[in-house]
Each structure stands twice: as C-alpha cells, then as structure tokens.
Amino acid sequence: MDDASKSTAISKKKLHTYLEELFKKKSSVRENALKILVKQFQTNVHYEFVENNFVTLIHRCQNCLKRGSALEVDLALQLIGLVVLTLGAGDNAHEVYEELLVLVPELLIKSKLSHAIKVFECLSIVTSVGARDFVDTERSMEIIWQFLNQETKHPSSVAAAAISGWVLLLSGIDLWNVSPKKWKESIPFLLKQLEEDDEHVNVASIEALALIFEIGSLEKFSNQAGEYASMKDMKDGIMENVKRVCNGTKQDTSKILEDDYDKTITLTLGRTSLTLSTWSKLKQISYIRKFLGNGFKNHMMENEHLHDVFHFAPATKCSDDLELYKPEFEEVVFRVFVPEVRRENCARRIHESHNSLLSKGRTKLRKKYRSLAEETKAGHIADEELD
C-alpha cells in the first residue's frame, strides 16, 4: 500500500484493484484507495484508464460524497477534479459538471464549511473543463458569488478559495459574454476584501481586480460607473481606493494593477518554451499548477486538454535522438449535405452528438496523438520559474 507515496505510474491492474476497493464497506479501505488514486492521477496522465472506467470512478466518488467520512469527501472531490481534467472537455465532463451543481449546495450546508475549500476547487476545475458555454460557467460563478455574499463571515482561507475559484472561471469568459447585470457588485466587494487583514484574501482580490482591468468594460463590474466621466476616470478612481486600503505587503502586491507592470513569464517544459502574457492565462496555469502539485509538469507534457487550453505543443525525443514534434494545429473537417428543411434540426446532432462524424473524427485524432506519445519519450523538464 505504499504506492500512494510514489510518483511513478502503476499498472492498470493495480489501478483496477484500488478502484474495486472503493466498493468496500470499511471506510479506512476506501480512504486508502482514494489516496492512491488521487496521487496517481495527480502525478500521471492515466487517460485510457479514466476513459474506460469513467462512470465507475465518478459514481464511487459521488457515493463517498454522500456517505463517506470527512477525509473521504475531501479526497473524492479532489479525485473528481483530476478525472475530469484528465479526460478533457466533452459529454462526460459536462455530465459531471451538471451532477456537481446539484451536490455543491448540499455539501456546503452539510459540512458546515469543513469541505468548502475542496468544494470550490472541484467546482472550479470541473466547470472550467466541462462547461459548454459561458452560461454554464456563470452558473457556477453565481453559486460561489452567493456564498461570498452571505451575511455570515467566512474563515479567510475559505473566502480566499472562493474568490480564487471565481476568478478562474471569469478568466474563461470573453468580454462580450460577461453579463452586464450579474456582477455589478464585484469591484465594490473586492475593494472591501482588501480591507481584511489576511494575505490570501488580499492576493485573491487583487488578482480578481487585475483580471477585471484586463477584460475591460468596468461598468459591468461596478454599480458606480455613472459617477465617472469615462472608463479611464473610473479605473483611476478604483486605483485610488486600492492605494488607500493597501499598505506594507499589500501595497507591493497591488503593483500588479499598474499599467506598466510586466506580467509576461516563460516556462521551459522539456525542450519547449511556453510564454504567457495575459492575466487570464496566468491565472489558469497558476490554479492548475496548484491543483496538480508535483504532477503539473507531467500533465503539461502529456495532458491533451492542457495542450489545447494553453496552445502548447511539447517537443518529444525518440530513442534514436531524433526530435519528433507534435503539430501545433490539426483539425477535423467533414462535409455533409443537409436539406434546407432539416438544417436547423440537424445542426445540434452534427456538432454535439458523441456519435457524430465530427466527434468520431476528433476521437480518432486524439488516439493518434496518444499513439505518438506512447512511441516517444519526454525530455527532461526544467521549470525554474514555477518552483
């Protein structure tokens, strides 16, 4: 049972053994199995195992959420996030998202906040992968926002986790899709959080403001837009409020809001560099790195969903030292004739059904990439910037 402490991948047979242990009645057995599965999915990309055992994994985790011990609940939430992140976007991830929305309110009430941090972490990861559009994303954001605006004062660690999750989800929405009405209280709320004497809450709030500044359309995030002659005046006014409440270390952190702040970072993964220069991508990679821990590098090299999110195509090395590069972009294209009278009814089936030609073509392309990855060996990963 010492596999849980190792980062090397274990066999599918052993993974099946631990999956079967999630059916056991003894809580300690389930807890140990969850620990090992979490460690494995965190440090390695078990795509094929997850794809073949998706339903069982999710259902057993949901059983732990409803009937398990406190430790089981935390581990099950973590495992659900890892399963969805490994699997990537699609019908299965969306199904988990829909089911999780039902469970989250109950978990927050039942646990009396003891699981809140893991709940928001799981909700944010699952939504970022499983949401089909900005409407889905905003549904999760509203759950978090309602929690943050409860009259009861939450522990600072919980508030920071909730704000951070909300920011992650906001980072995935385009300017034009941000609701003009739902987030009017955002900036006043975040400025109020800066008055709190807690580093984690302060950092999360400043990150949120930085992303809002990058998105623009500040009037969508404040009910005080009418008090300013222009958006520039409004931003200057917000910055004055930030400077007023920030001092000491908070003042240093708030420098990221300044126009001339250089936020560009370059990561070296294997023999490929990844440059990020927007707050949205910086937030996404920071959140995912924290979620994956020591497994971040392996996932960045092998996880196809992360390759899509960050437009990252890692170089790999064959045994004969010949470099083999994955194409930066490939797409599935097909042509189908649909009579005018049926065009509207068939559009959803063609583009969204998992049995459609488009879906099958994408699956074939993913299998091609996995086959390529299995025949090659990843190079050494150097990632000083994130360590």
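Residues numbered from 1 in each chain as written. Predicted model: local features only at pLDDT ≥ 70, side-chain atom pairs only at ≥ 80, totals over all residues. Heavy atoms only, no water.

Quick word on the overall build of the protein
Note the cut-off: Helix and strand assignments follow DSSP, with helices taken as H or I runs no shorter than four residues and strands as E runs no shorter than two, numbered in order from the N terminus. Only protein chains enter the area calculation, which uses a 1.4 Å probe; residues under 20% of their type maximum are buried, those over 50% are exposed, and those in between are partly exposed. Where accessible areas are quoted, they stem from the Shrake-Rupley method and a 1.4 Å probe; at the residue level, only the protein chains shown are allowed to cover.
Across its full length, the protein holds 18 helices and five strands. In the protein, which comprises 387 residues, the share counted as buried stands at 49%. Split by element, the accessible area of the protein, about 20400 Å² in all, is 50% carbon and sulfur.

Describing the layout of surface pockets
If a probe the size of a water molecule is rolled over the atoms, the empty space left behind becomes visible. Stated formally: In this analysis a 1.4 Å probe is tested at points of a 1 Å grid over the protein atoms alone, and where it fits but cannot get out there is a cavity; an open set with protein on both sides within 12 Å along at least five of seven lines is a pocket; lining residues have an atom within 4 Å of a point. Grid points are joined across faces, edges and corners, and a volume is the space filled by probe spheres set on the points.
Estimates place the volume of the second largest pocket at around 1000 Å³. Surrounding the second largest pocket, 29 residues form its lining, Ser164, Val203, Glu207, Lys283 and Ser286 being those nearest its centre. Only helix H7 (116–130), helix H9 (156–170), helix H11 (199–215) and helix H14 (279–292) provide two or more residues apiece to the lining of the second largest pocket. Take the lining of the second largest pocket: its biggest share by element is nine residues, from H14.

Examining the packing of aromatic side chains
How we decide: Pairing of aromatic side chains here covers Phe, Tyr and the six-membered ring of Trp, requires ring centres within 6.5 Å, and sorts the geometry by plane angle: under 30 degrees stacked, over 60 edge-to-face, intermediate tilted. Placement of a charge over a ring requires the Lys NZ or Arg CZ to be within 6 Å of the ring centre, with the centre-to-atom vector within 35 degrees of the ring normal.
Here the structure, examined in full by the defined rule, presents seven aromatic pairs. The positively charged end of Arg60 is found above the aromatic ring belonging to Phe23, 4.2 Å away from the centroid.

A word on the side chain of Thr127
Stated formally: Should any heavy atoms of two residues lie within 4.5 Å, those residues are counted as being in contact.
Among the secondary structure elements, Thr127 is positioned in helix H7. Residue classification places Thr127 among the buried positions, given a relative accessible area of 1%. Discounting chain neighbours no more than four positions away, the residues touching Thr127 are Tyr97, Asp136, Thr137, Ser140 and Leu169.

Looking at the side chain of Asn202
The topology assignment puts Asn202 in helix H11. Overall, Asn202 belongs to the buried group, its relative accessible area being 4%. Leave out the neighbours within four places in its chain, and Asn202 touches Gln193, Leu194, Glu196 and Lys250.

A few points about the environment of Cys122
In this fold, Cys122 is placed in helix H7. With relative accessibility at 1%, the residue Cys122 sits in the buried group. Taking the C-alpha atoms as reference points, Cys122 and Leu100, 22 residues apart in sequence, are found 8.8 Å from one another. When neighbours within four sequence positions are excluded, Cys122 is seen to be in contact with Leu77, Ile80, Gly81 and Leu100.

Some points on the confidence of the model for the protein
Put simply, the test is: Per-residue confidence from the predictor is reported as pLDDT, a score between 0 and 100.
Taken over all residues, the pLDDT of the protein has a mean of 84, while the share at 70 or more is 79%. Low pLDDT (under 50) marks residues 317–324, which in the prediction has 12 contacts with non-local residues, meaning those over four places away or in another chain.

Things to note about the environment of Ser273
Inspection of the secondary structure assignment puts Ser273 in strand E2 (residues 272–276). For Ser273, a relative accessible area of 49% translates into the label partly exposed. Beyond its immediate sequence surroundings of up to four residues, Ser273 is in contact with Thr266, Leu267, Thr268 and Phe312.

Concerning H9
For clarity, the threshold we go by: For a helix, the expected span equals 1.5 Å multiplied by the number of residues minus one.
The first and last C-alpha atoms of H9 sit 21 Å apart over 15 residues, in line with the 21 Å expected at 1.5 Å per residue. Of all 15 residues that make up H9, 13 are buried, and the element is covered over most of its length.

Brief notes about empty space enclosed by the protein
Keep this limit in mind: Side-chain classes follow a simple rule in which Ala, Val, Leu, Ile, Met, Phe, Trp, Tyr, Cys and Pro form the nonpolar group, Asp, Glu, Lys and Arg form the charged group, and the remainder, Gly included, forms the polar group.
The final tally for this structure, using the stated rule, is two cavities of 30 Å³ or more. What lines the largest cavity is Ile187, Pro188, Leu191, Ser222, Gln224, Tyr228, Met234, Ile238 and Asn241. Looking at the lining of the largest cavity residue by residue, the classes come out as six nonpolar, three polar and no charged. Taken as a whole, the second largest cavity spans an internal volume of roughly 40 Å³. Every residue along the wall of the second largest cavity is listed here: Leu65, Lys66, Leu103, Glu106, Leu107 and Lys110. Within the residue set of the lining of the second largest cavity, elements represented by two or more residues are helix H4 (54–67) and helix H6 (91–110). Ranked by residues supplied to the lining of the second largest cavity, first place goes to H6 with four residues. For the lining of the second largest cavity, a count of residues per class yields three nonpolar, no polar and three charged.

Some remarks on the pattern of salt bridges
Using the following cut-off: Take a side-chain nitrogen of Lys or Arg and a carboxyl oxygen of Asp or Glu: if they are within 4 Å of each other, that pair is a salt bridge.
Tallied over the full model, the rule gives 12 salt bridges. Close ionic contact of Asp91 with Arg132 constitutes a salt bridge, the shortest N to O distance being 2.9 Å. Taken together, the positions of Asp91 in helix H6 and Arg132 in the loop between H7 and helix H8 (134–148) put the pair 41 residues apart, joining distant regions of the chain. With a relative accessible area of 44%, Arg132 lands in the partly exposed category. In this structure, the salt-bridge partner of Asp136 is Arg139, at a minimum N-O distance of 3.6 Å. Highlighted residues: Asp136 and Arg139, both in helix H8, separated by three residues, approximately one helical turn. With a relative accessible area of 8%, Asp136 lands in the buried category.

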